[in-house]
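# Breakdown of the fold
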There are 2 protein chains.
Amino acid sequence: MADGERELSERKKQILKAIVDAHIEGGGPVGSKAILQAGGMNCSSATIRNEMAELEEMGYLEQPHASAGRVPSELGYRFYVDSLIEHYAMTTHEIAQINNLLRAKMGELDQILSAASHLASNLTNYTGIAIQPRTGAVNIAKFEGIYLEPSHFILVAVASNGAVKTKHIHTDFKVLPESVSRLAESLNAMLAGLSAERITLPIIMELETRMGADSGMIGPVMKVVYDLLSELDAGAVQVAGIDHLLQYPEYSDTAQFRELLGALEKKDDILDLVSTTGGEGDINVLIGSESRVKVMNNSALVFKPIVKDGQTLGAIGVLGPRRMDYAKVLATLEGLSGNIENLILPNKQLHNGGESDG
Amino acid sequence: MADGERELSERKKQILKAIVDAHIEGGGPVGSKAILQAGGMNCSSATIRNEMAELEEMGYLEQPHASAGRVPSELGYRFYVDSLIEHYAMTTHEIAQINNLLRAKMGELDQILSAASHLASNLTNYTGIAIQPRTGAVNIAKFEGIYLEPSHFILVAVASNGAVKTKHIHTDFKVLPESVSRLAESLNAMLAGLSAERITLPIIMELETRMGADSGMIGPVMKVVYDLLSELDAGAVQVAGIDHLLQYPEYSDTAQFRELLGALEKKDDILDLVSTTGGEGDINVLIGSESRVKVMNNSALVFKPIVKDGQTLGAIGVLGPRRMDYAKVLATLEGLSGNIENLILPNKQLHNGGESDG
DNA sequence: TGTTAGCACTCATAACCGTCGAGTGCTAAC
DNA sequence: GTTAGCACTCGACGGTTATGAGTGCTAACA
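Cut-offs used in this document
- Residues numbered from 1 in each chain as written.
- Chains lettered and ligands numbered in written order.
- Predicted model: local features only at pLDDT ≥ 70, side-chain atom pairs only at ≥ 80, totals over all residues.
- Heavy atoms only, no water.
- Near = heavy atom within 4 Å.
- Polar contact = N/O pair within 3.5 Å; in protein donor to acceptor, adjacent residues only side chain to side chain.
- Helix = DSSP H or I, 4+ residues; strand = E, 2+ residues; numbered from the N terminus.
- Salt bridge = Lys/Arg side-chain N within 4 Å of Asp/Glu carboxyl O.
- Nonpolar A, V, L, I, M, F, W, Y, C, P; charged D, E, K, R; others polar.
- Pairing = 2+ DSSP bridges.
- Axes fitted to C-alpha atoms, helices over the stretch in contact; angles between N-to-C directions.
- Contact = heavy atoms within 4.5 Å.
- Buried < 20%, exposed > 50% of the residue type's maximum accessible area, 1.4 Å probe, protein only.
- Expected span 1.5 Å × (residues − 1).
- Arc of directions from axis to C-beta.
- Domains from an automatic or database assignment.
- Core = buried A, V, L, I, M, F, W, Y, C linked by side-chain atoms within 4.5 Å.
- Phe/Tyr/Trp six-rings, centres within 6.5 Å; stacked < 30°, edge-to-face > 60°.

Moving on, we get to the protein's contact with DNA strand C. DNA strand C sits among 20 residues. The nearest are Arg11, Thr47 and Ser67 of chain A together with Ser32 and Arg70 of chain B. Counting only the atoms of DNA strand C within 4 Å of the protein, the fraction contributed by sugar and phosphate is 77%. In the model, a phosphate oxygen of DNA strand C is placed 2.7 Å from a nitrogen or oxygen of the Arg70 of chain B side chain. Listing elements by their share of the surface near DNA strand C, those giving two or more residues are helix 3 (45-58) of chain A together with helix 3 (45-58) of chain B.

Below, the structure is given as structure tokens:
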């Protein structure tokens, strides 16, 4: 057995591929006869049965019960994805849909990712996921204040990764437009580039000094700054098209599907998964228990990080049954991420159109 | 029959209420004996059976099959909600959870609504919904520009309803910080308060004139302004805790649940429903087919608009099976909306704490 | 040594069928 | 108008059987 596993014969590969393909298509166990009918084999069903028995012994196949056909095991899918998969050629219509991302009105990364996840879901008929990971190293690159009326203004924070957040601030006392501008200047001078941990008491005291008569603003403002920093590296997960999953019988177990839904809502598991798995921009394929999330043992998660200047800004992914159409999913995510990374190209680089994002 | 429907006898009401209560609790049809055991009746099961037969004839009850108990009809629920419902007294723990909304860090309305929908879901064990309706009458009250680097700045728009949106803008040519400030000033002078339809070519021409040498900015900027306006009155629906629904047997039909999920993702139906049903700030209860959305015929939707200064800023709601615990849901939504409306009180009014939202 | 035909065997699925029991409607007595 | 009693209905449950897909094994064959 040990050296039998060294390599699979061509015929074994062919049979394994046929089984995975048929199972992805149909969902049920596939038998020797079905493989024969699929074509491409020039031997009898008995021979195929022998090969299948060996493939099962090697761990690539499983048998639900004695008189059923074979189903790919996790190892079988893994081998399929690594070695057997065929390039999926997208239809012109699919390419057109993806390209429309470019033309569409959009600016901020979260909107792009959200649109991409919807598209991923619709193109693949699985669930699309847009992820903005917790970075842990976010800071605010620039502050701005917008005066609205006495005792009411807005604080705008532009994060180092380009994200922008705003907060309304109400005060008990009147605040003049000049004070708001001065506040923004002071925050830029003292806090720009600092993470929450590096904002110390002396810095806050200096801020109060700078604001002089308006030092009463600093208290509420610091709370808002803290909230902004927290929100900026909280990470985010957006899910699109969960309803698609229910068309696959593997999700007909209500209780199990409910747990999956819960995990998708909590977002923690997904965020952890993506941040711990991230292979510097490559597509990741997590089949079944390869993701350490129990509730996803019957599912597969494929995701592609979106990287700019070596920084992982987000990821788009697809969640579906283990027997998902990996070829199509991989092609779709490649296509989408290529478009997204074009959208957020290094700022100064070739720019033909009007606006885009950063 | 016609005059028999004039009014329900006290005993009929009592029986109807007992049936609805028991059905909400248990989910199955309820029989005459069960009502007897629930207590409060001083007659025999035979009498109750007679009354039930009459209630069925009047349309308040339905019988799944000949030898089953009775189930409330839509009319039955309606009567229950309108006339029979008992005030639900929230536990101190529930009240505490809601009050924590106040203390929690938060600023923007969408965050408040989102948190409220999560809370609604967790407190009731149904699905929570946060809605920001399309208003159709949004305009931008104030613009601000934030210069980041040559040929890259941010446009901030503060909408008339307090919402804030930002967009990155990249240009083909260098833009100086002064140009960005001037742009904001010009936009404020020319566009503040205007809806998209009222932004005419002469106005745009005047903007170009004002920007002088930087008039090249106007093209891309106008596209962004249009996007901002579109996004601001696009409306939004956030859903929390869909997984809760799967604990109720009425959602065990996968295909049906899938359609419901789809409707919740599309958001259009929900937005339409809320905007067409809105009864000036009162709680709305839509039972089964009362909402015109087919896929919700086996569900009930309860929602409460959030109103400030006569303007409907949003709504929070709960979606669940028709046999939902209306008493608890109504109390929860009242509690939540009370808290939310406190959070967004008219700006200048009593303000004890630091910041909040507007 | 690898391939193939034939055949007995296994096991999930579906259909069928009787039993059980909850709950009713009806009737007759109070 | 209320109640006890009783026959009746009908879904739920559990066991049995028939079906058929697909296997493993054996023996013959190239």
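Once you've had a look at it, read on.
To continue, consider the pattern of salt bridges. All names here are of chain A. Here the structure, examined in full by the defined rule, presents 38 salt bridges over all chains. Of the charged contacts, one joins Glu51 and Lys12 as a salt bridge, the two residues approaching to 3.1 Å between their closest N and O atoms. In this pair, Glu51 is assigned in helix 3 and Lys12 in helix 1 (residues 10-26), connecting sequence segments 39 residues apart. Salt bridges linked by common partners bring Arg11, Lys12, Glu51 and Glu54 together as one network.

This brings us to the protein's contact with DNA strand D. Residues in contact with DNA strand D amount to 20 residues; listed here are only the nearest, Ser32 and Arg70 of chain A together with Arg11, Thr47 and Ser67 of chain B. Per the 4 Å cut-off to the protein, sugar and phosphate atoms form 76% of the nearby atoms of DNA strand D. In the model, a sugar or linking oxygen of DNA strand D is placed 3.2 Å from a nitrogen or oxygen of the Ser67 of chain A main chain. A distance of 2.7 Å is found between a phosphate oxygen of DNA strand D and a side-chain nitrogen or oxygen belonging to Arg70 of chain A. Per element, the largest residue contribution to the surface near DNA strand D is four residues, and it comes from helix 3 of chain B. Looking at side-chain class alone, the surface near DNA strand D contains six nonpolar, ten polar and four charged residues.

What follows is about the sheet that holds strand 4 (residues 140-149) of chain B. Residue and element names in this part refer to chain B. Pairing within the open sheet is antiparallel, and its three strands lie in the order 4-5-6. Whereas interior strands pair on both sides, the edge strands pair on one side only; in this sheet they are strand 4 and strand 6 (164-170). Each adjacent strand pair in this sheet contributes to an overall mean axis angle of 20 degrees, direction not counted. Note: strand 4 against strand 5 (residues 152-159), eight bridges, orientation antiparallel. Opposite Gly145, over in strand 5, you have Leu155 as the bridge partner. Strands strand 4 and strand 5 of the sheet are contacted by helix 7 (residues 177-191), whose axis makes an angle of about 170 degrees with strand 4.

Our focus in this paragraph is the pairing of strand 5 of chain B. All names here are of chain B. For strand 5, a buried count of eight out of eight residues is recorded, marking the element as mostly surrounded by other parts of the structure. The alternating pattern of strand 5 places His152, Ile154, Val156 and Val158 on one face and Phe153, Leu155, Ala157 and Ala159 on the opposite face, and all of these are buried. Hairpin remark: strand 4 followed by strand 5, antiparallel, with two residues in the connecting loop; positive phi at Ser151, about 70 degrees. As paired strands, strand 5 and strand 6 are joined by seven bridges and run antiparallel to one another. By the bridge assignment for strand 6, Ile154 is matched with His168. Taking the residues between adjacent antiparallel strands as the criterion, strand 5 and strand 6 are bridged by four residues, where Gly162 takes a positive phi near 100 degrees.

It is worth spelling out helix 7 of chain B at this point. All names here are of chain B. In this model helix 7 runs 21 Å from its N-terminal to its C-terminal C-alpha over 15 residues, within 8% of the 21 Å that 1.5 Å per residue would give. Taken together, the buried positions of helix 7 are occupied by Ser179, Val180, Leu183, Ala184, Ser186, Leu187, Met190 and Leu191. On an axial view of helix 7, the arc spanned by its buried residues comes to 170 degrees, and they lie on one face. Among the exposed residues of helix 7, those pointing more than 90 degrees away from its buried face are Glu178 and Glu185. Count one or two residues on from helix 7 and you reach Gly193, which has phi positive near 85 degrees.

This paragraph deals with the domain arrangement of chain A. Reports often express the size of an interface as the amount of accessible area lost when the parts come together. Here chain A is described as being made up of domain 1 (3-84), domain 2 (92-134 + 235-343) and domain 3 (140-232). In this structure, domain 1 of chain A and domain 3 of chain A have C-alpha centres spaced 63 Å apart.

Moving on, we come to the environment of Arg49 of chain B. All names here are of chain B. Its place among the elements puts Arg49 in helix 3. Owing to a relative accessible area of 44%, Arg49 belongs among the partly exposed residues under this scheme. Expressed as a C-alpha distance, the spacing of Arg49 and Arg70, which sit 21 residues apart in the sequence, is 9.9 Å.

Before going further, it helps to spend a moment on the nonpolar core. Grouped burial of nonpolar side chains is what soluble globular proteins tend to show. Within the largest apolar cluster, 148 residues are counted, with the highest numbers of intra-cluster contacts made by Phe257 and Tyr326 of chain A together with Phe257 and Tyr326 of chain B. Discounting chain neighbours no more than four positions away, the residues touching Phe257 of chain B are Leu246, Phe257 and Leu261 of chain A together with Ile242, Leu245, Leu246 and Tyr251 of chain B. Listed in part, the 30 residues of the second largest apolar core include Leu191, Ile199, Ile203 and Leu229 of chain A.

Right, let's talk about helix 10 (residues 254-266) of chain B for a bit. The end-to-end C-alpha distance of helix 10 of chain B is 18 Å, a good match for the 18 Å that 13 residues give at a rise of 1.5 Å each. Buried residues belonging to helix 10 of chain B abut helix 10 (254-266) of chain A together with strand 3 (127-132), strand 7 (236-240), helix 11 (268-277), strand 9 (299-308) and strand 10 (311-321) of chain B. The backbone nitrogen of Ala255 of chain B lies 3.1 Å from a side-chain oxygen of the residue at the head of helix 10 of chain B, namely Asp253 of chain B.

Looking now at the packing of aromatic side chains. All names here are of chain A. Inspection of every chain in the model, using the stated rule, returns eight aromatic pairs over all chains. Between Tyr77 and Tyr326 the ring centres are 6.1 Å apart and the planes differ by 55 degrees, which places this aromatic pair in the tilted class. Pair noted here: Tyr77 is in helix 4 (residues 74-84) and Tyr326 is in helix 12 (residues 326-343), with a separation of 249 residues, a long-range link. Neither Tyr77 nor Tyr326 differs from the other in exposure class; each is buried. Measuring from centroid to centroid gives 6.0 Å for Tyr251 and Phe257, while their planes differ by 70 degrees, and the two rings are edge-to-face.

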